[in-house]
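Descriptive analysis of the structure
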Amino acid sequence: GVVLFARLFDAISDPIIGYLSDKGRIKWGTRKPYMTVGAIVLVVAGYFLYSPPDNVGVLYFAFWFMVFYLGFTLFEIPHLAWGGEISRSTHEKTQAYTARAVTGYLGSVLFYVIPLLPIWESTEVTPETLKFSAVVSGLLMLPMLYLCMKRVPDGSCYSEIKKSVDSSDRPTPAAFFRRFPELVKNIIRNKPLMLFLGAFVFAGSGLGMWTGLLFIYMDAYLGMGSLYVKILLTSTLLVIIPGILVWPKIAKHLGKKYAWLLAMLLSVVAFIYSGFLSSESASYWTLLILLMAALLSFICFESLPQSMLSDIIDYSALKFGTYQGSTYFALFMFIYKAAAALGVAFGLAIVGWSGFDPSSTAQTELGIRGLKLAMTWVPTLLIAISMIFIALSPITARRHRIIYRRLESIEARSKLESRKFERLDFDKSATETLLTSH
């Protein structure tokens, strides 16, 4: 019940925080206040969540769990939008979001490495290792946050394009709900965005099904659950460098759309490959190859779509005359979370209906078929549907260059006109002052 309530709270808060971040960006010229507050809240909530007292109860868990999600949203959504504002060309955006995705995987590696340190009695994840990881993450995040806020520029969000649209409203949740119908209308009229979200719904559901069942597949079906952490760590370390080098180059030469299609094709190969493995044929090396292929696809999935969405945000700014970077990324995060959750739930439902029992050492033929259906064929179908949406995406590197030049031209004219009006107001005020004094 607590997890469900926290998820609902997260789903409601995402678009509100996205809207407030956009308003603050236009008003203050920066997203850094939201990210700073979010990071501090995240560190504090993470510590209390990962080091509960002995008499912990439901209210303690519910409070810190919701605060944790609030801090994460306050930081994550402005940070995603900021990546497109400091990187103006489409290739620079791909590099920025790929580096961001790879750094996230490095964080996962650090989390799984902590239980392997010689300071612990076992290599299992325990309350002590969780508390230690919360402290380490805070000690890493706060100094890096300071450097980030101090050194990284704010970038540009084309705030001069049509300031009058939103500048009259104060950045409040009530203002968001007043603007909500207009936002929904703009989203429906935005063909590139609708295609992008359609691709992400199906791709996210397919990948969610596969990843949600991966441990059950390795442990209860292949009987290799004891190697799960070791293989996951090794495969992640082996694909991090290729991921950060390969995908930006492929995207630059083929375009983001075709690079994303290639990554989805690689995930389909991994899905089908997992469907043909069995406890007799599986080994450390076959599983390592499987996870390397899947993780290489996932790195692309968590970087190129974000870069494409940043291009779509530029297109939306040109088409609708208002910049809504965080709002669109908030919608993206909602779709991302919902699709992954639906994928996991659907996959577990198929496995449950087929009679597969993870706690049993012997599985029925129907149960094994259900597991392979949920691990291979249904995710493959969902990925195939997503590839149709990806292929229809209309924004290419050439078209984004045109959008970029037009936005720059419009913003430059707007700033020039603003300076002219300021000069006229100054001259008028000086003349009135002179006449009054005489």
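Located above this text is the structure these notes cover.
This section reports on the structure supplied with the text. (Residues numbered from 1 in each chain as written. Predicted model: local features only at pLDDT ≥ 70, side-chain atom pairs only at ≥ 80, totals over all residues. Heavy atoms only, no water.)

Observations concerning the overall build of the chain
- A count of helices and strands for the chain gives 14 helices and 0 strands.
- The order of α-helices and β-strands along the chain, N terminus first, is α-α-α-α-α-α-α-α-α-α-α-α-α-α.
- Pairs at least 24 apart in sequence give 80% of the contacts found in the chain among residues at least 6 apart.
- Carbon and sulfur atoms make up 68% of the accessible area of the chain, which totals about 21,900 Å². (Helix = DSSP H or I, 4+ residues; strand = E, 2+ residues; numbered from the N terminus. Contact = heavy atoms within 4.5 Å. Areas by Shrake-Rupley, 256 points an atom, 1.4 Å probe, with all protein chains shown as cover.)

Description of the nonpolar core
- Among the nonpolar cores identified, the biggest contains 84 residues, and Phe196, Tyr217 and Trp260 are the most heavily contacted of them.
- Ranked by residue count, the leading element in this core is helix H7 (residues 191-221), at 16 residues.
- Listed in part, the 10 residues of the second largest apolar core include Ala6, Ala45, Met66 and Val67. (Core = buried A, V, L, I, M, F, W, Y, C linked by side-chain atoms within 4.5 Å. Buried < 20%, exposed > 50% of the residue type's maximum accessible area, 1.4 Å probe, protein only.)

Description of the packing of helix H11 (residues 304-320) against helix H12 (residues 325-354)
- In the contact formed by H11 and H12, the axes pass within 10 Å of each other and the chain directions differ by 135°. In terms of their interaxial angle, H11 and H12 are classed as oblique. Between H11 and H12 lies a crossing of right-handed hand. Seen from H11, the contacting residues are Gln306, Leu309, Ser310, Ile313, Ser316 and Phe320; seen from H12, they are Gly325, Tyr328, Phe329 and Phe332. (Axes fitted to C-alpha atoms, helices over the stretch in contact; angles between N-to-C directions. Parallel < 35°, antiparallel > 145°, perpendicular 65-115°, else oblique. Left-handed = near helix turned anticlockwise from the far one by under 90°.)

So, the pattern of salt bridges
- Scanning all chains against the criterion turns up 11 salt bridges.
- With a closest N to O distance of 3.9 Å, aspartate 154 and lysine 32 form a salt bridge. Of this pair, aspartate 154 sits in the loop between helix H5 (127-151) and helix H6 (173-189) while lysine 32 sits in helix H2 (residues 32-50), and the two are 122 residues apart along the sequence.
- For lysine 93, the salt bridge is made with aspartate 314, and the minimal N-O distance between the two is 2.6 Å. Of this pair, lysine 93 sits in helix H4 (residues 90-113) while aspartate 314 sits in helix H11, and the two are 221 residues apart along the sequence. Comparing lysine 93 with aspartate 314, the two get one shared label, buried.
- Ionic contacts of the salt-bridge type, sharing partners, join the residues Asp22, Arg25, Arg31 and Glu85 into one network. (Salt bridge = Lys/Arg side-chain N within 4 Å of Asp/Glu carboxyl O.)

Quick word on the environment of serine 283
- Here serine 283 lies in the loop between helix H9 (256-276) and helix H10 (284-301).
- For serine 283, a relative accessible area of 28% corresponds to the partly exposed category.

Thoughts on the packing of aromatic side chains
- What the rule picks out here adds up to 26 aromatic pairs.
- Ring plane angle 80° and centroid distance 5.1 Å describe the contact between phenylalanine 215 and tyrosine 228, whose orientation is recorded as edge-to-face. In this pair, phenylalanine 215 is assigned in helix H7 and tyrosine 228 in helix H8 (residues 228-254), connecting sequence segments 13 residues apart.
- The partly exposed category is assigned to phenylalanine 215, whose relative accessible area is 40%.
- Each ring, one from tyrosine 284 and one from tryptophan 285, has its centre 5.2 Å from the other, and the planes form 90°; the classification is edge-to-face.
- Taken together, the ring pairs connect Tyr97, Phe196, Phe200, Trp260, Phe301, Phe329, Phe332 and Tyr336 into an aromatic cluster. (Phe/Tyr/Trp six-rings, centres within 6.5 Å; stacked < 30°, edge-to-face > 60°.)

Looking at H10
- Counted at 1.5 Å a residue, the expected span for H10 with its 18 residues is 26 Å, and the 25 Å between its end C-alpha atoms agrees.
- For H10, the tally of buried residues reaches 13 of 18 residues, placing the bulk of the element in the interior. (Expected span 1.5 Å × (residues − 1).)

Structural notes on the side chain of lysine 257
- Mapped onto the elements, lysine 257 comes out in helix H9.
- The side chain of lysine 257 sits in the buried core without any salt bridge; aspartate 311 is the nearest counter-charge, 12 Å away.
- Of note is the side chain of lysine 257, whose polar atom sits 3.3 Å from the backbone oxygen of alanine 391.
- Within the local environment of lysine 257, its side chain forms a polar contact with the backbone oxygen of serine 393, the two atoms lying 3.2 Å apart.
- Leave out the neighbours within four places in its chain, and lysine 257 touches Met308, Ile390, Ala391 and Ser393. (Lys, Arg positive; Asp, Glu negative; His and termini not counted. Polar contact = N/O pair within 3.5 Å; in protein donor to acceptor, adjacent residues only side chain to side chain.)

Some thoughts on the environment of glycine 1
- Within the element layout of this structure, glycine 1 appears in the segment before helix H1 (2-28).
- Expressed as a C-alpha distance, the spacing of glycine 1 and alanine 62, which sit 61 residues apart in the sequence, is 9.3 Å.

Some details on the side chain of threonine 30
- Checked against the element boundaries, threonine 30 lands in the loop between H1 and H2.
- Residue threonine 30 is classed as buried on the basis of its relative accessible area, which comes to 14%.
- A polar contact is formed between the side chain of threonine 30 and the backbone nitrogen of lysine 32, at a distance of 3.1 Å.
- Reaching out from threonine 30, the side chain makes a polar contact with the side chain of aspartate 154 at a distance of 2.6 Å.
- Ignoring sequence-local partners within four residues, the contact set of threonine 30 consists of Gly24, Arg25 and Asp154.

Remarks on the packing of H7 against H12
- One way to put it is that H7 packs onto H12 with a least axis distance of 7 Å and a crossing angle of 40°. As far as their axial angle goes, H12 and H7 are oblique. Along this stretch, H7 crosses H12, giving a crossing that reads as right-handed.
- Broken down by class, the residue content of the contact of H7 with H12 amounts to 20 nonpolar, 6 polar and no charged. (Nonpolar A, V, L, I, M, F, W, Y, C, P; charged D, E, K, R; others polar.)

A closer look at a positive patch on the surface
- Residues Arg398, Arg399, Arg401, Arg405 and Arg406 make up a contiguous surface patch of positive charge.
- Take arginine 399: it is sitting in helix H14 (residues 397-437).
- The exposure class assigned to arginine 399 is partly exposed, which follows from its relative accessible area of 40%. (Patch = residues over 30% accessible without salt bridge, like charges linked within 9 Å, V, L, I, M, F, W, Y side chains within 5 Å. Charge placed at Lys NZ, Arg CZ, Asp CG, Glu CD.)

Notes on a nonpolar patch on the surface
- Taken together, the side chains of Ile40, Val44, Tyr47, Phe48, Val135, Leu139 and Leu142 make up a nonpolar region of the molecular surface, amounting to roughly 570 Å² of accessible area.
- Of all the secondary-structure elements, those providing two or more residues to the nonpolar patch are H2 and H5.
- Among the elements that make up the nonpolar patch, the one with the highest residue count is H2 (4 residues).
- For valine 44, the location among the structural elements is in helix H2.

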